Amino acid sequence: MTIRVVVADDQELVRSGFAMILDAQEDIEVVAEAGDGAAAVEAVARLAPDVVLLDIRMPVLDGIEACRTISARSSCRTVMLTTFDSDEYVYEALHAGASGFLLKDVRRDDLVHAVRVVAAGESLLAPSVARRLIEEYTSVTGAAARHGLRAERLEVLTARERETLLHLGRGLSNAEIAASLVVSEHTVKSHVRNVLAKLGLRGRIQAVICAYETGLIAAGTPSGE
């Protein structure tokens, strides 16, 4: 199955370079390029791609706002691109609904891999990376007040789903969660789907954020405790 991609960046050379790399792959087709966030939103609405690459800083509408709009209106998955190596941008992009985050100096193979991973429904950042970001930039009280998230949000979960979210927050894989809960991986996948659906989360990275922001895991808590 061909992965349909929109590439959005206000720098033409960067945009065309990424498009050329991706279009050269047998399983990837770049269906449109956009020079600003508004054009990216329009292209996604018109062409219904699987993945959109969004530069964070663009005119008319920046990448984070474009990501937020796309996430709310479609199932298209987003990968954020930036030259700014700031975890703050990662955090904001993930809150906007991004499935991944790359610096523009990403290697050719890593760019292609990122698109394939995100298109397959996975998150681009490894759970351990996401956990380090949240531990550095999130305090339970500060983030909860800032984003309106409270522990009461978790009341919709069953006890086993709550355990699953706890393990997701600690960066465990499905296999590791299955071993910890003494259930099959199939059962774990079902629990993960339920957690994401009940809490309105788009992926495992947002589940990590939720686990910290609702206080299920305290920032700075070592994995496995």
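Scroll up a little and you will see the structure.
No experiment lies behind these values; they were computed from the predicted model shown.

The rules we used
Residues numbered from 1 in each chain as written. Predicted model: local features only at pLDDT ≥ 70, side-chain atom pairs only at ≥ 80, totals over all residues. Heavy atoms only, no water. Buried < 20%, exposed > 50% of the residue type's maximum accessible area, 1.4 Å probe, protein only. Helix = DSSP H or I, 4+ residues; strand = E, 2+ residues; numbered from the N terminus. Pairing = 2+ DSSP bridges. Right-handed = clockwise from strand over helix to strand, strands pointing away. Salt bridge = Lys/Arg side-chain N within 4 Å of Asp/Glu carboxyl O. Axes fitted to C-alpha atoms, helices over the stretch in contact; angles between N-to-C directions. Contact = heavy atoms within 4.5 Å.

## A look at the pairing of strand 1 (residues 3-8)
The two faces of the sheet receive side chains in turn, since in a regular strand these alternate between them.
So, step 1. Burial runs high along strand 1: 5 of the 6 residues are buried.
So, step 2. Note that strand 1 and strand 2 (residues 28-34) share 6 bridges and pair parallel. Bridged to Val5 within strand 2 is Val30.
So, step 3. For the handedness criterion, the β-α-β arrangement of strand 1, helix 1 (residues 12-23) and strand 2 is classed as right-handed.
So, step 4. Inspection of the sheet shows strand 1 paired to strand 3 (residues 51-55) by 4 bridges, in the parallel sense. The residue of strand 3 that forms the bridge with Val6 is Val52.

## Some thoughts on the pattern of salt bridges
So, step 1. As enumerated under the stated definition, the model contains 9 salt bridges in all.
So, step 2. Salt-bridge contacts for Asp27 lead to Arg116; the nearest nitrogen and oxygen are separated by 2.9 Å. Taken as a pair, Asp27 in the loop between helix 1 and strand 2 and Arg116 in helix 5 (residues 108-119) lie far apart in primary sequence, 89 residues in all.
So, step 3. Given a relative accessible area of 23%, Asp27 falls into the partly exposed group.
So, step 4. Classification of Arg116 as partly exposed rests on a relative accessible area of 34%.
So, step 5. When the shortest N-O distance is used, the salt bridge between Glu65 and Arg68 registers 2.4 Å. Placement of both Glu65 and Arg68 in helix 3 (residues 63-73) is noted, with a separation of 3 residues, approximately one turn of the helix.
So, step 6. Owing to a relative accessible area of 34%, Glu65 belongs among the partly exposed residues under this scheme.
So, step 7. Within the structure, one salt-bridge network assembled from shared partners comprises Asp9, Asp55 and Lys104.

## Examining the sheet that holds strand 5 (residues 100-103)
So, step 1. Read from one edge to the other, the open sheet built from 5 strands follows the order 2-1-3-4-5, with strand pairing classed as parallel. With one partner strand each, in any of the chains shown, strand 2 and strand 5 form the two edges of the open sheet. Strand-to-strand twist in this sheet, taken as the mean axis angle between neighbours without regard to direction, amounts to 25°.
So, step 2. Note: strand 3 against strand 4 (residues 77-82), 5 bridges, orientation parallel. Residue pairing in the sheet places Leu54 in a bridge with Met80 of strand 4.
So, step 3. Contacts between helix 2 (residues 37-47) and the sheet are confined to strand 1, strand 2 and strand 3, with strand 2 contributing the most and set at about 135° to the helix.
So, step 4. Seen against the sheet, helix 5 touches strand 1, strand 2, strand 3, strand 4 and strand 5 and runs at an angle of roughly 130° to strand 3.

All we've got here are geometric facts, nothing functional implied.
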